[in-house]
Amino acid sequence: MTPSFLPLNSGPPVSKLCKDVLLIQMPIEIPAEWKRKMESKYPGIEIRSRVLWLELGLEANQIEPELWNGVTLTCLYLTHPEELMSNVRFIQLTSAGVDRWIHHQRYNSPDVAFSTASGIHCPQIAEWVMSTWIMRNHNILRHIESQREGTWSVVRAETRDSAGMRMGILGYGFVGRQYARLATAMGMEVYAFTRTPYTSDKKAKSDHYSVLGMGDPHGQLPSKWFHGESRDAVNEFLRQDLDLLVLCLPLTKETEYLLGPEQFAILAQGNKRIFISNVARGRLICTEALIDALHKGKIWGAAVDVTDPEPLPESHPLFSAPNVVITHHVSWQSSNNWDRMLDILEANLDRLDKGENLINIPDRKLG
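Residues numbered from 1 in each chain as written. Predicted model: local features only at pLDDT ≥ 70, side-chain atom pairs only at ≥ 80, totals over all residues. Heavy atoms only, no water.

S.K.: Give me the lowdown on the overall build of the protein, citing residues and values where you can.
M.R.: When helices and strands are tallied, the protein shows 8 helices and 12 strands. Contacts in the protein between residues far apart in sequence, at least 24 positions, make up 67% of those at least 6 positions apart. Accessible surface, the protein: about 18,800 Å² in total, of which carbon and sulfur atoms supply 52%. Looking at the protein, you have 38 positive and 43 negative side-chain charges, and the mean spots of the two groups are 4 Å apart. (Helix = DSSP H or I, 4+ residues; strand = E, 2+ residues; numbered from the N terminus. Contact = heavy atoms within 4.5 Å. Areas by Shrake-Rupley, 256 points an atom, 1.4 Å probe, with all protein chains shown as cover. Lys, Arg positive; Asp, Glu negative; His and termini not counted. Charge placed at Lys NZ, Arg CZ, Asp CG, Glu CD.)

Here you go:
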């Protein structure tokens, strides 16, 4: 009788994450099904979670120190004290920007891997940009005011449609690429500005998260590309007779107050009156210069979801400036965000387990 032997490697393969503790803090309860799936994929991993209660204020969301014991992997928005995070080797941010973290010891450690949430906000932010643009072009706010007054008044004001107009996108990342997709569908021409040159081989889809079917993965939509790291390069882009300028740049030392009095003066000299949309960070624009441009009619109008300062103090002069739409840093909001966030986290856990490069790695040198 031939003896039978069990193979030495029988049973599930050992995960590299078998001794890791993952701590998640997001504005939702982590779905039990997702947690079971991760525990099945990575036997031995421990998953802890806390809900981020945004309505309570950020200061009320510090995680209890005892919950940090043994934590090596995290998914967070807020920074936490270095002494609690001393064993953490991977930080998955739930924000696209890293500005909260650039002075944190973990961020400046070469032994700690970082990933952002870049890409999860593309559809809704692009919809916000285009909806506020359409509201201005079709005088929707004036019609709403008439409705509230209970009057039937014909608004006698310039009404524009987008066909044949030109959108300029400062920062052609995944959010900017979704603007281009919607703008092109509306008949607009797209100009793109990037920090570094975009050659044909660099237009291909990069290793970042993207919602299926969204954006411009191969860089085919812009009819003209601009690039540079200097204010002069940006100023040249602003001279391109744009109808709509969208800011979707990260806030860094180089981009702080990128649009100031000089830039608004350049825009005022163009053949068109431009509309400016800022969904990135408030300090990309000098607020005083924006207010002056609105009052003096240097620009067609503006829509800002972010401001400087933020939040705007009560009775701040930007509130009463003409032709401006202000929302309270909400363009990123969508009920789909957190499913997408868990998709990124899962993709990066897979890559950590396999020893592969992560997705959505920020440029720490540039911040």
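Right, picking up where we left off after that structure.
S.K.: Outline the sheet that holds strand S10 (residues 275-278), supporting the account with residue identities and numerical values.
M.R.: Strand order in the open sheet formed by 7 strands is S8-S7-S6-S9-S10-S11-S12, and the pairing between neighbours is parallel. Each end of this open sheet is capped by a strand with a single partner; those strands are strand S8 (224-227) and strand S12 (324-326). Direction aside, neighbouring strands of the sheet carry axes that sit 15 degrees apart on average. Helix H5 (residues 231-238) rests against strand S6 (166-170), strand S7 (189-194), S8 and strand S9 (244-247) of the sheet, and its axis sits at about 175 degrees to S7. (Pairing = 2+ DSSP bridges. Axes fitted to C-alpha atoms, helices over the stretch in contact; angles between N-to-C directions.)

S.K.: An account of the domain arrangement of the protein is needed here, citing residue identities and associated values.
M.R.: Domain annotation of the protein identifies domain 1 (21-118 + 335-354) and domain 2 (121-326). Summarising the inter-unit geometry, the C-alpha centres of domain 1 and domain 2 are found 32 Å apart. Contact residues are listed per partner, giving 11 residues for domain 1 and 8 residues for domain 2. Carbon and sulfur atoms make up 43% of the area that domain 1 and domain 2 hide from each other, which totals about 870 Å². Note that Asp99 is salt-bridged to Arg281, the shortest N-O span being 3.3 Å. Taken together, domain 1 and domain 2 are joined by 3 residue pairs in polar contact (both at pLDDT 80 or more). Looking at the side of domain 1 that touches domain 2 residue by residue, the class counts come to 3 nonpolar, 4 polar and 4 charged. (Domains from an automatic or database assignment. Buried area = accessible area lost by both parts, 1.4 Å probe. Salt bridge = Lys/Arg side-chain N within 4 Å of Asp/Glu carboxyl O. Polar contact = N/O pair within 3.5 Å; in protein donor to acceptor, adjacent residues only side chain to side chain. Nonpolar A, V, L, I, M, F, W, Y, C, P; charged D, E, K, R; others polar.)

S.K.: Describe a nonpolar patch on the surface, listing the residues and the values that go with them.
M.R.: A contiguous nonpolar patch, built from Ile140, Leu141 and Ile144 and spanning about 210 Å² of accessible area, is present on the exposed surface. Take Ile140: it is sitting in helix H3 (residues 140-149). (Patch = residues over 30% accessible without salt bridge, like charges linked within 9 Å, V, L, I, M, F, W, Y side chains within 5 Å.)

S.K.: Pulling in residues and values, what's your account of empty space enclosed by the protein?
M.R.: Taken as a whole and assessed by the stated rule, the structure comprises 2 cavities of 30 Å³ or more. Of the residues assigned to the lining of the largest cavity, the class counts are 5 nonpolar, 4 polar and 1 charged. One number sums up the size of the second largest cavity: a volume of about 40 Å³. Of the residues assigned to the lining of the second largest cavity, the class counts are 2 nonpolar, 2 polar and 3 charged. (1 Å grid on protein atoms, 1.4 Å probe; cavity = no way out; pocket = protein on both sides within 12 Å on 5 of 7 lines; lining within 4 Å. Points joined across faces, edges and corners; volume = space filled by probe spheres on them.)

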